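Descriptive analysis of the structure
The primary structure of each chain is shown beneath.
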Amino acid sequence: MNQKKLRRLYREEKLQVRRRGGRKRALGTRAPLALPAGPNERWSLDFVSDAFSDGRRFRILAVVDDFTRECLALVADTSLSGLRVVRELEALTWQRGAKPVTIVSDNGTELTSMAVLRWSQERSVEWHYIAPGKPMQNGFVESFNGRLRDECLNETLFGSLLHARAVLSAWKEDYNTVRPHSSLGGRTPAEIAAQACPGHAPDTLVIPSPTSHQSMSGLSS
């Protein structure tokens, strides 16, 4: 039996297997982004991966304010779902007393989940997804991730999740309030934030754990 006859019989008997399409991706906003003009105008999100000393992997959700260059959050855990991302963003907006106008991220499954899309719609936060394979469209957080890896992750052997959270909290505090940044004219992100918003106090608190603010957000993982 030749190939043409075989294909014809498959079609007649409806034995052909339908090709699977690619995963649906949230498109969000794709217009070019202008530089932010003030704090909380645009936040950037991304994930960074690392490992404990025993080889187990964990992830870090990094949140950066693109105007002040502040690191708003470094959330470390062995699993970070879309619901967990929403809880952390909700806690962060409550903690800062303001929500972002726009959030920029890639098209990762956690960041294109229904929980994230629902939250951005309910909070009227514009979510901008960068083009696949174009990480420099999210250049602020990509640059931050490089510093985080070079100065903290590559220099530390993490023994546990608690250890990682403590180290990340200390590094975040130093990054925001102590170390001058050349891109900010030798000033710190906290100084830029205070100049833009007089009376602004730099965030020195660790983002609450999931159990500590579940009642506030009404969401569960």
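To be clear, the structure that these remarks concern was listed above.
Residues numbered from 1 in each chain as written. Predicted model: local features only at pLDDT ≥ 70, side-chain atom pairs only at ≥ 80, totals over all residues. Heavy atoms only, no water.

**Examining the environment of S113**
Within the secondary structure, S113 is located in the loop between β4 (102–105) and α3 (114–122). Sequence separation between S113 and V85 is 28 residues; the distance between their C-alpha atoms is 9.9 Å. (Helix = DSSP H or I, 4+ residues; strand = E, 2+ residues; numbered from the N terminus.)

**What to know about helix α5 (residues 161–177)**
Spanning 17 residues, α5 covers 24 Å between terminal C-alpha atoms, matching the ideal 24 Å at 1.5 Å per step. Residues of α5 that are buried include every one of L161, A164, L168, W171, K172, Y175 and N176, and no others. Taken end-on, α5 shows its buried residues confined to a sector of 125 degrees, consistent with a single buried face. Residues of α5 that are buried sit in contact with β2 (57–65), β3 (71–77), α4 (139–151) and α6 (189–196). (Expected span 1.5 Å × (residues − 1). Buried < 20%, exposed > 50% of the residue type's maximum accessible area, 1.4 Å probe, protein only. Arc of directions from axis to C-beta. Contact = heavy atoms within 4.5 Å.)

**What to know about α6**
Those residues of α6 not exposed but buried are P189, A190, I192 and A193. Projected down its long axis, α6 shows its buried positions confined to an angular sector of 160 degrees, all on one face. Turning to α6, the residues buried within the fold contact α5.

**So, the pattern of salt bridges**
All told, the structure shown has 10 salt bridges when counted by the stated rule. A salt bridge links R96 to D65; the shortest N-O distance between them is 3.9 Å. Note that R96 is positioned in helix α2 (residues 82–96) and D65 in strand β2, a separation of 31 residues in sequence. Residue classification places R96 among the buried positions, given a relative accessible area of 18%. Judged by relative accessible area, which is 0%, D65 ranks as buried. Between E88 and R84 there is a salt bridge, and its shortest N-O distance comes to 2.7 Å. In this pair, E88 and R84 both sit in helix α2, 4 residues apart, roughly one turn of the helix. The exposure class assigned to E88 is buried, which follows from its relative accessible area of 5%. (Salt bridge = Lys/Arg side-chain N within 4 Å of Asp/Glu carboxyl O.)

**Section: the packing of α4 against α5**
The interhelical angle for the contact between α4 and α5, taken along N-to-C directions, is 120 degrees, at an axis separation of 12 Å. On the basis of the axis angle, α4 is oblique to α5. α5 is crossed by α4, and the crossing has right-handed handedness. Contacts between α4 and α5 involve F144, R147, L148 and E151 on the former and, on the latter, L168, W171 and Y175. For the contact of α4 with α5, the residue count by class is 5 nonpolar, no polar and 2 charged. (Axes fitted to C-alpha atoms, helices over the stretch in contact; angles between N-to-C directions. Parallel < 35°, antiparallel > 145°, perpendicular 65-115°, else oblique. Left-handed = near helix turned anticlockwise from the far one by under 90°. Nonpolar A, V, L, I, M, F, W, Y, C, P; charged D, E, K, R; others polar.)

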